[in-house]
Amino acid sequence: MKKYLFVCFCLAAQLVFFIPMVTAGPKAAPEIERSSLFQWEDFRGPETEWEYWNIHFGGQLAADAVLYDQDNTKDAGVRWETVNLLLTGICEDKFHFHLEPDLLGIDTENNLYEAWGGWDITPALHLRVGQIKVALNTEFATRPENLPSIDYGFSSYLDGRYDPGVQIDGLLLDNAFWYQGSATVGAGFDLDGKRRSDPQASIRAVLFPAHNIDSDLVKGSFVGLGFAWSPDYEDEIFLQTPLRSTVFTTPDLHGDEFQCLHLEAGWYSGAFRAGAERVTGEIDDVRVGRGMTEDMDQLTSWTAFASWNITGEKMRWSRGRWLPPRLDGRRQPAFEWLETADIPGCLELAVRYSNADIDRGLFDGGITTYDPSTQEVRTATINLNWYPRPGLKVIAGWIKTIADDELSTLGGSNRDSSAIIRTILTL
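A brief report on the enclosed structure follows. Given the structure is predicted, the values throughout are model-derived calculations rather than measurements. (Residues numbered from 1 in each chain as written. Predicted model: local features only at pLDDT ≥ 70, side-chain atom pairs only at ≥ 80, totals over all residues. Heavy atoms only, no water.)

Tracing the backbone through its elements, the reader meets Arg352 in strand β20 (residues 346-358). Spatially, the C-alpha atoms of Arg352 and Thr381 are 5.3 Å apart, while their sequence positions differ by 29 residues. A distance of 3.0 Å separates a polar atom in the side chain of Arg352 from the backbone oxygen of Ile150. (Helix = DSSP H or I, 4+ residues; strand = E, 2+ residues; numbered from the N terminus. Polar contact = N/O pair within 3.5 Å; in protein donor to acceptor, adjacent residues only side chain to side chain.)

With that settled, the discussion passes to empty space enclosed by the protein. Using a probe with the size of a water molecule, rolled over the atoms, empty space left in the structure can be pinpointed. The final tally for this structure, using the stated rule, is 11 cavities of 30 Å³ or more. Here the largest cavity is characterised by a volume of approximately 370 Å³. Along its surface, the largest cavity is lined by 25 residues, and Asp107, Tyr113, Pro144, Asp151 and Tyr152 are the ones closest to its centre. Put simply, the parts of the chain that give the lining of the largest cavity at least two residues each are β2 (53-67), β3 (77-91), β5 (112-122) and β23 (413-426). A per-element tally of the lining of the largest cavity places β3 first, with three residues. When its residues are assigned to classes, the lining of the largest cavity shows 10 nonpolar, five polar and 10 charged. (1 Å grid on protein atoms, 1.4 Å probe; cavity = no way out; pocket = protein on both sides within 12 Å on 5 of 7 lines; lining within 4 Å. Points joined across faces, edges and corners; volume = space filled by probe spheres on them. Nonpolar A, V, L, I, M, F, W, Y, C, P; charged D, E, K, R; others polar.)

Residues Ile203, Leu225, Phe227, Trp229, Leu261 and Leu263 make up a contiguous nonpolar surface patch of about 490 Å² in total accessible area. Listed by contribution, the elements that provide at least two residues to the nonpolar patch are β12 (221-230) and β15 (258-269). When residues of the nonpolar patch are assigned to their parent elements, the largest contribution, three residues, is made by β12. For Leu263, the position within the fold is in strand β15. Residue classification places Leu263 among the partly exposed positions, given a relative accessible area of 45%. (Patch = residues over 30% accessible without salt bridge, like charges linked within 9 Å, V, L, I, M, F, W, Y side chains within 5 Å. Areas by Shrake-Rupley, 256 points an atom, 1.4 Å probe, with all protein chains shown as cover. Salt bridge = Lys/Arg side-chain N within 4 Å of Asp/Glu carboxyl O. Buried < 20%, exposed > 50% of the residue type's maximum accessible area, 1.4 Å probe, protein only.)

Moving on, we come to the packing of aromatic side chains. Enumeration over the complete set of coordinates arrives at 18 aromatic pairs. Consider the rings of Phe272 and Trp308, whose centres lie 5.8 Å apart with planes at 5°: the pair is stacked. Residue Phe272 is located in strand β16 (residues 272-289), and its partner Trp308 is located in strand β17 (residues 292-309); the two are separated by 36 residues in the primary sequence. On the basis of relative accessible area, Phe272 is assigned to the partly exposed category, the value being 40%. Between Trp302 and Tyr353, the ring centres sit 5.1 Å apart and the planes meet at 40°, which makes this aromatic pair tilted. You can see Trp302 sitting in strand β17 and its partner Tyr353 sitting in strand β20, a full 51 residues away along the chain. Cluster of aromatic residues (ring-pair linked, three or more members): Phe208, Phe222, Tyr268, Phe305, Trp317 and Trp322. We note Arg128 situated over the ring of Trp116; from NZ or CZ to the ring centre the distance is 5.4 Å. Between the NZ or CZ atom of Arg273 and the centre of the ring of Trp322, over which it lies, the distance is 4.8 Å. (Phe/Tyr/Trp six-rings, centres within 6.5 Å; stacked < 30°, edge-to-face > 60°. Lys NZ or Arg CZ within 6 Å of the ring centre and 35° of its normal.)

Within the largest apolar cluster, 34 residues are counted, with the highest numbers of intra-cluster contacts made by Ile237, Leu239, Leu253, Ile283 and Leu362. Sorting the residues of this core by element identifies α3 (154-159), β14 (246-249), β15, β16, β17, β20, α5 (361-364) and β22 (392-407) as the ones contributing at least two each. Those residues in contact with Leu239 that lie beyond four places of it in its chain are Phe154, Tyr157, Leu158, Ser245, Thr246, Val247, Phe248, Ala356 and Ile358. (Core = buried A, V, L, I, M, F, W, Y, C linked by side-chain atoms within 4.5 Å. Contact = heavy atoms within 4.5 Å.)

This paragraph deals with the side chain of Gln167. Along the chain, the position of Gln167 falls in strand β7 (residues 161-172). Polar side-chain contacts of Gln167 include one of 3.1 Å to the backbone oxygen of Lys133. Of the polar contacts made by the side chain of Gln167, one reaches the side chain of Ser182; its length is 2.8 Å. Residues in contact with Gln167, not counting those within four places in the same chain, are His126, Leu127, Arg128, Ile132, Lys133, Val134, Gln180, Gly181 and Ser182.

As structure tokens, then:
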């Protein structure tokens, strides 16, 4: 049955691709790139107008064909990765809403990713209220279908969350400085759908220091900082690989104050981009037994990545996250044969290395054990991404995992090499 569904999905994706785009005529894309977390010109789902509202009805389907390492406890085969609905709207370039139910329910609580309403007061101040996405780094701020590498690294798992709350962001200094502030109530969940029950306040800022320099080579360089604080930490720590193999887990920690610092640096120019980030977190007064507590101050991870659009499309970054390539025919291929080859869309080669190093005190205090957890783990991914048309992406990827300790989820080994083909259709 899974194979049948997978084949039907792939056929549907191909039909969407081969339907001539001129059939519906050119779409007038509103000038709302700064106010919408989506680019409306990339949509292919139905739209309607109601009163002063422009409303889009769509969704996202993602299906995987996975070949796991022979020792991995997961079964190779095909599966649904994402089945989401999507309802977004904007009114007079000022007011907008976003509703994204999760029909699979494997990564969310109550089958809902985001549900918020927003008001773009000025370019320097946008407001969102509702269930929001809180990201302290460019990676987690980027939607999964727009990531250069398959899914998220460990840095995003340490403090990424969805949670009801209030969020502001805006552009300053002639668009050279972007900021975002969030305050959430602690009724949300992390990237794996595990509950996050503590309120949190966070701030994130990104600066383009060379934005006034007349050189495409350097003007796309940026540095960023993110900081999060919670008065308590009652939840677990959970890490998994891009192919959902658990490599670190604890029960609820019942700690006190939590804080986390992200530092990142990135660069993009033409068809290239690269970046690195580091996150350091700590939890105070974690109970370790016999009425004793201990500060866990080594919750660390770092990630480095790079990607290249072989067909020459320019990289795009906006409001804290990466955007998909613009498939409008304007490109500068790296090789002469690509100029005449009839290859639709964009081809991208991407690599990423992600490392997590978690406090040994969690093991020494008996909170977790060396199986199912490992103190240090790293993953290396290599992807070839194909964007044949807006809203459609096909990924061929290889993921290598190396842990310090042997894990049951890896079949009693500390190494894993697995491959994946993922097809994503966004309407």
